[in-house]
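The chain contents come next:
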Amino acid sequence: GNSALIIAVTTPGNALAANNLASLASYTQSLAAIPGVEHVTSLVTVKPGLIPANYEQFYAQPANYPQFALLAAQLANGNLTKITVELQPVDHSAAAIAIVNSVRAIPAPGGLHPLVDGITPQQIDLLATLSAALPWALLVIMLAIFVLLFLMTGSLVMPLKAILLNILSLSA
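Quick caveat, the model's predicted, so the values are computed rather than measured. In every chain, residue numbers begin from 1 and rise along the written sequence. With the structure being a predicted model, the display of local features is reserved for residues of pLDDT at least 70 and the display and counting of side-chain atom pairs for 80 or more, all residues being used for whole-chain, interface and lining totals. Water and hydrogen atoms play no part in the side-chain values, which are based on all heavy atoms of the structure.

## Concerning the side chain of T84
The cut-off we apply is this: Numbered from the N terminus, helices here are DSSP runs of H or I no shorter than four residues, and strands are runs of E no shorter than two. Per-residue accessibility, obtained with a 1.4 Å probe over protein chains only, is compared with the maximum for each type, and a residue is labelled buried under 20%, exposed over 50%, and partly exposed between these values.
Relative to the helices and strands, T84 resides in strand β4 (residues 80–87). Residue class for T84 comes out buried when judged on its relative accessible area of 16%.

What follows is the structure, encoded as structure tokens:
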């Protein structure tokens, strides 16, 4: 794909437990059904056609299934596991943003707690944080200008005039 999402999933208990593997299977199926998702890699998507019970057996007997033991070591650690979602659209595109929003909107079953990471989710989160903090930062700046100019000049009109002219010059 052109871009990818990394989803860190916290599970209730060991990520390799039967109930968590079943929940992961349901969650990864929901992820794969989103238009624009090319491939989902997780503990329960290694071999198409296997059911969670098969994965439970493979992960429970690492000596008999070394390839699954290696996979478990790469994708799981205690109550954490990693899901990689390969996307068709490129990062920063409107389609990629729509997919990230769709991924975040999927309710995670069985007590799973997913955290979505990647270039596009970071961009979305950065813009949301800036949008929330920027008005407060501007208010603090204007208040500081007003207080400092009032203390310097003793006039109420001069600081208001300075703030108004700053707003006009920055918005031009």
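## Some thoughts on the environment of V44
To keep it simple, the criterion reads: What makes two residues a contact is simply this: any of their non-hydrogen atoms within 4.5 Å.
Checked against the element boundaries, V44 lands in the loop between β2 (37–41) and α2 (52–60). V44 sits in the buried class, given a relative accessible area of 8%. Between the C-alpha atom of V44 and that of I124, which follows or precedes it by 80 residues, the distance is 28 Å. Contacts of V44, omitting those with residues within four sequence positions, involve L21, L24, A25, T28 and Y55.

## Looking at the side chain of S93
Rule in force here: In the analysis that follows, any N or O atom pair within 3.5 Å is treated as a polar contact, provided that within protein one partner can donate a hydrogen and the other can accept it, and provided that, for residues neighboring in sequence, both atoms belong to side chains.
Secondary-structure assignment places S93 in the loop between β4 and α4 (94–105). Judged by relative accessible area, S93 falls into the buried class, the value being 18%. Among the polar contacts listed, one links the side chain of S93 to the backbone nitrogen of A96, at a separation of 3.1 Å.

## Things to note about the packing of helix α5 (residues 119–153) against helix α6 (residues 157–171)
Short version of the rule: The axes used here are C-alpha line fits, helices contributing only the stretch in contact, and every angle between their N-to-C directions lies in the interval 0 to 180 degrees. Throughout, the term roughly parallel applies to angles under 35 degrees, roughly antiparallel to angles over 145, roughly perpendicular to angles from 65 to 115, and oblique to all others. Each crossing is labelled by how the near helix is turned from the far one, with a counterclockwise turn of less than a right angle marking it left-handed and a clockwise turn marking it right-handed. Any residue that is not Ala, Val, Leu, Ile, Met, Phe, Trp, Tyr, Cys, Pro, Asp, Glu, Lys or Arg is counted as polar, Gly included; the first ten are nonpolar and the last four charged.
Across the interface, α5 lies against α6 with an axial gap of 8 Å and an inter-helix angle of 140°. In terms of their interaxial angle, α5 and α6 are classed as oblique. Crossing of α5 over α6 shows right-handed handedness. For the pair α5 and α6, contact is made by M142, I145, F146, L149, F150 and T153 and by M158, P159, L160, A162, I163, N166 and I167, respectively. Along the lines of polarity and charge, the residues of the contact of α5 with α6 split into 11 nonpolar, 2 polar and no charged.

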